[in-house]
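Understanding the architecture of this molecule
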Amino acid sequence: MKLLNLDHVAIAVHDLDRAIADYGRRYGVSPMHREVVEDQGVEEAMLPVGGSFVQLIAALRPDTPVGRFLARRGEGLHHIAYAVLDIVAALAHLEAEGARLVDEVPRIGGRGTRIAFVHPKGGNQTLVELVEYSL
């Protein structure tokens, strides 16, 4: 397994519209992509920065993983995401290395990508997302 690129850094926010406006005013960036990912319980906005993104994520409901994160910790860094060529092979490699997987099989994420999460307890206390683009 080899990481291809830093896909995005995800920041959990209470108010997505306010966060987008703040990033636009402060850093001169605006969303390249915005969508609701219902099965993850979030609305996301992808702000391009070089060859990667800052992903702003807001919970659709308080009982979602991001909703619970915001209630416990407040706004801030939620996870880091890496692009991989073959997500199934990456998950098999990580499992063989003893990583604790949140997702044992990939699921569909934003932008039509296949994604899977690696538990923070298996990686420096940081939630990691793997991202594979559709071909």
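Residues numbered from 1 in each chain as written. Predicted model: local features only at pLDDT ≥ 70, side-chain atom pairs only at ≥ 80, totals over all residues. Heavy atoms only, no water.

**Topic: the side chain of His78**
Residue placement: His78 occurs in strand E5 (residues 76–84). A relative accessible area of 14% places His78 in the buried class. Other than its neighbours up to four places away in sequence, His78 contacts Ala10, Ile11, Ala12, Ile57, Val66, Phe69 and Leu127. (Helix = DSSP H or I, 4+ residues; strand = E, 2+ residues; numbered from the N terminus. Buried < 20%, exposed > 50% of the residue type's maximum accessible area, 1.4 Å probe, protein only. Contact = heavy atoms within 4.5 Å.)

**Some words on the pattern of salt bridges**
Applying the stated criterion across every chain yields a total of ten salt bridges. Arg18 serves as the salt-bridge partner of Asp22, at 3.7 Å between the closest nitrogen and oxygen. Pair noted here: Asp22 and Arg18 are both in helix H1 (residues 16–27), with a separation of four residues, about one helical turn. Residue Arg34 is joined to Glu43 by a salt bridge in which the shortest nitrogen-to-oxygen separation is 2.8 Å. (Salt bridge = Lys/Arg side-chain N within 4 Å of Asp/Glu carboxyl O.)

**Let's talk about the nonpolar core**
Ranked by size, the top nonpolar core spans twelve residues in total: Ile11, Val13, Leu16, Ala19, Ile20, Tyr23, Val29, Ala45, Leu47, Val54, Leu56 and Ala58. Counting only elements with at least two residues in this core, the list comes to H1, strand E3 (42–49) and strand E4 (52–59). Not counting residues within four places of it along the chain, the set of residues in contact with Tyr23 comprises Ile11, Gly28, Val29, Leu47, Val54 and Leu56. Among the nonpolar cores identified, the runner-up in size contains eleven residues, and Val84, Leu91, Leu94 and Leu101 belong to it. (Core = buried A, V, L, I, M, F, W, Y, C linked by side-chain atoms within 4.5 Å.)

**Quick word on helix H3 (residues 87–96)**
Within the span of H3, buried status applies to Ile87, Ala90, Leu91 and Leu94. For H3, the angular spread of the buried residues around the axis is 100 degrees, confining them to a single face. The inward-facing, buried residues of H3 contact E5, strand E7 (114–118) and strand E8 (128–132). You can read the cap of H3 off the contacts: a side-chain oxygen lies 3.1 Å from the backbone nitrogen of Val88, and it is on Asp86. Looking at the residues trailing H3, positive phi occurs at Gly98, about 90 degrees. (Arc of directions from axis to C-beta. Polar contact = N/O pair within 3.5 Å; in protein donor to acceptor, adjacent residues only side chain to side chain.)

Such coordinate-based values are descriptive only and should not be taken to indicate function.
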